[in-house]
Amino acid sequence: MDEMAYSINGENAHYGTPTNPCAPDRVPGGSSSGSAVAVAAKLVDFALGTDTGGSVRVPAAYCGIFGLRPSHGLVSTENVTPMSQMFDTVGWFARDLSTFSRVSNVLLPLPADNTTKQPLQFTIPKDCFEILGSLKDQTYQILNASVTKRFGSEAVDNRNLGEFVSNNVPTIGKFISDFSESEAPSVPALSVISYVMRCLQRSEFKANHAEWVKTVKPNLGPGIRERVYEAIISADGPMEDFHALKTEFKSALSALVKDDGILAIPTVPGSPPKLRMEAGALENFRARAFSLLSIAGLSGFCQLSIPLGVRDGVPVSVSLVARHGADRFLLSVAQELYGTLKEETKKAWSSSQSSL
């Protein structure tokens, strides 16, 4: 794994980087890289991982397997070395949905009632796919076609998530101007969400580990070293505003997905980065990745990364997000939709191949 769980690449300067079985020239994703690779390489049927900022969802997407970040606080983190308690979760990986569901049945709390609801609304935000995602993998079209076929066109809502967040999270106004001038493609409201989550995470990381880092002075690998030292020397910033925004965001997202809605987003902004990619090139990718990963991260909602297959030698995935505590509902929707997703993926990719 990445040292101190402080990266989404999965590279380790001391012990080597586990080989991504799906794309050996690319990073496996982290920080739970070993767990994801062991599953993808068929060494084990399933594996556990931790996810604070994306450490289950990212390696699942990069290695072409299923990965769940459960609702925050739903699965015990007892005896897990904390990175940032406000966001730490224990999740899991599997190659197929039936194994994944069996593991989930053991690890998730039993439901109050066993009735499975049908999703009444599927929000598939255009901005998340067109600005933050990768257009060439056609996941936006695949999701829209699959949900329409399975649940009807009236279930589909393509509103922009950035606009919704700007209009429903009042405290965002205090930060938005800092993120509106970005030259790289971005959704400013989601850049703020990502920034607030990273600041809160950094503050807790510092409280947990600064003393150890200063005393032991560990020989951390490149990239991690800078991030860890930046975290322990940085000032906390306006914590009251950060906490207010976190509460508002959770409440706005709850109003959007309600009890029986699903939010569909790209898990990551495109293909896994190449091994030893230059730091500057990685930065824009990381920024877009965290704009997507912080949606479930800051709200505490559950998110499942679903593999669609391998295209041009790289794995492609999408994510479904449901409200806090609706983990079993999320899994039942995934089971119902997965067959159609695979059909529509095959259709979209073969027709674009033939038109080349």
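For clarity, every value in this text was computed on a predicted model and none was experimentally measured.

A. Focus on the packing of helix α6 (residues 161-168) against helix α9 (residues 239-257). Running from N to C, α6 and α9 cross one another at 125°; their axes reach a closest spacing of 10 Å. With respect to each other, α6 and α9 are oriented oblique. In terms of crossing hand, the pair formed by α6 and α9 is right-handed. On α9, the residues that touch Leu 161, Phe 164, Val 165 and Asn 168 of α6 are Glu 248, Phe 249, Ala 252, Leu 253 and Leu 256. Here the contact of α6 with α9 is composed, by residue class, of seven nonpolar, one polar and one charged.

B. The pairing of strand β1 (residues 46-51), seen in detail. Every second residue of β1 is oriented toward a common face, the buried set being Ala 47, Gly 49 and Asp 51 and the non-buried set Phe 46, Leu 48 and Thr 50. Of the pairings in the sheet, the one linking β1 to strand β3 (residues 89-94) comprises six bridges and is antiparallel in character. Each residue of the ladder has a partner; that of Asp 51, found in β3, is Thr 89.

C. Molecular detail of unusual backbone geometry. The step from Gly 30 to Ser 31 runs through a cis peptide bond, and the omega angle for that step is 10°. By secondary structure assignment, the location of Ser 31 is in the segment before α1 (33-40). Even without a glycine there, the phi angle at Ala 5 is positive, about 60°. Structurally, Ala 5 is set in the segment before α1. The buried category is assigned to Ala 5, whose relative accessible area is 16%. Of note, Arg 276 is a non-glycine position whose phi angle comes to about 50°, a positive value. Note on placement: Arg 276 falls in the loop between β6 (261-265) and α10 (279-299).

D. Helix α5 (residues 139-151), seen in detail. Relative to the 18 Å expected for 13 residues at 1.5 Å per residue, α5 spans 17 Å between its end C-alpha atoms, a close match to the ideal helical length. Within α5, burial applies to Thr 139, Tyr 140, Ile 142, Leu 143, Asn 144, Ser 146, Val 147 and Phe 151. Looking at the residues trailing α5, positive phi occurs at Gly 152, about 95°.

E. Region of interest: the environment of Gly 67. Counting through the fold element by element, Gly 67 comes out in strand β2 (residues 66-69). C-alpha separation for the pair Gly 67 and Ser 351, spaced 284 residues apart in sequence, amounts to 29 Å. Not counting the four nearest positions on each side in its chain, Gly 67 is found in contact with Val 56, Ala 60, Trp 92, Phe 93, Phe 100, Gln 303, Leu 304 and Ser 305.

F. Spotlight on the packing of aromatic side chains. Applying the stated rule across the entire model yields 10 aromatic pairs. Relative to Phe 242, the ring of Tyr 195 lies with its centre 5.9 Å away and its plane at 85°, an arrangement referred to as edge-to-face. Pair noted here: Tyr 195 is in helix α7 (residues 188-216) and Phe 242 is in helix α9, with a separation of 47 residues, a long-range link. With relative accessibility at 0%, the residue Phe 242 sits in the buried group. Through a chain of ring-to-ring contacts, the aromatic side chains of Phe 66, Trp 92, Phe 100 and Tyr 338 assemble into a single cluster. Geometry around Phe 329 places Lys 117 over its ring, the cationic atom sitting 5.6 Å from the centre.

G. Quick peek at the nonpolar core. Grouped together as the largest cluster of nonpolar side chains are 74 residues, with contacts concentrated most on Leu 161, Val 165 and Leu 320. It is helix α11 (residues 327-354) that provides the largest number of residues to this core, a total of 10 residues. With residues up to four places along the chain from it excluded, the contact list for Val 165 reads Ile 172, Ala 189, Leu 190, Ile 193 and Phe 249.

H. Expanded view of the pairing of strand β8 (residues 314-322). Counting buried residues along β8, nine of its nine residues qualify, which places the element largely inside the surrounding structure. Bridge analysis of β6 against β8 gives three bridges, and the strand direction is antiparallel. The residue of β8 that forms the bridge with Ile 265 is Ser 319. In this sheet, β8 lies alongside strand β7 (residues 302-311) in antiparallel orientation, the contact comprising nine bridges. Opposite Pro 307, over in β8, you have Ser 317 as the bridge partner. Hairpin connection between β7 and β8: a loop of two residues separates the two successive antiparallel strands, and Asp 312 in this loop has a positive phi of roughly 50°.

I. View of the side chain of Ser 31. A residue is classified by how much of its surface remains accessible, and Ser 31, at 0% relative accessible area, is buried. Other than its neighbours up to four places away in sequence, Ser 31 contacts Met 1, Asp 2, Ala 5, Ser 7, Ile 8 and Ser 55.

J. Here's a closer look at the sheet that holds β6. Judged by pairing direction, the sheet is mixed, and its eight strands sit side by side in the order β1-β3-β2-β7-β8-β6-β4-β5 without closing on themselves. A single partner strand is all that each edge strand has here, and the edge strands are β1 and β5 (156-157). Both strand β4 (residues 121-123) and β5 contribute to a ladder of two bridges, which runs parallel. Note on β5: the bridge partner recorded for Phe 122 is Val 156. In the packing of α1 onto the sheet, contacts are made with β1 and β3, and the angle to β1 comes to roughly 155°. Sheet strands in contact with helix α3 (residues 97-107) are β1, β2, β3 and β7, and its direction is about 150° off that of β3.

The rules behind the values
Residues numbered from 1 in each chain as written. Predicted model: local features only at pLDDT ≥ 70, side-chain atom pairs only at ≥ 80, totals over all residues. Heavy atoms only, no water. Axes fitted to C-alpha atoms, helices over the stretch in contact; angles between N-to-C directions. Helix = DSSP H or I, 4+ residues; strand = E, 2+ residues; numbered from the N terminus. Parallel < 35°, antiparallel > 145°, perpendicular 65-115°, else oblique. Left-handed = near helix turned anticlockwise from the far one by under 90°. Contact = heavy atoms within 4.5 Å. Nonpolar A, V, L, I, M, F, W, Y, C, P; charged D, E, K, R; others polar. Buried < 20%, exposed > 50% of the residue type's maximum accessible area, 1.4 Å probe, protein only. Pairing = 2+ DSSP bridges. Expected span 1.5 Å × (residues − 1). Phe/Tyr/Trp six-rings, centres within 6.5 Å; stacked < 30°, edge-to-face > 60°. Lys NZ or Arg CZ within 6 Å of the ring centre and 35° of its normal. Core = buried A, V, L, I, M, F, W, Y, C linked by side-chain atoms within 4.5 Å.

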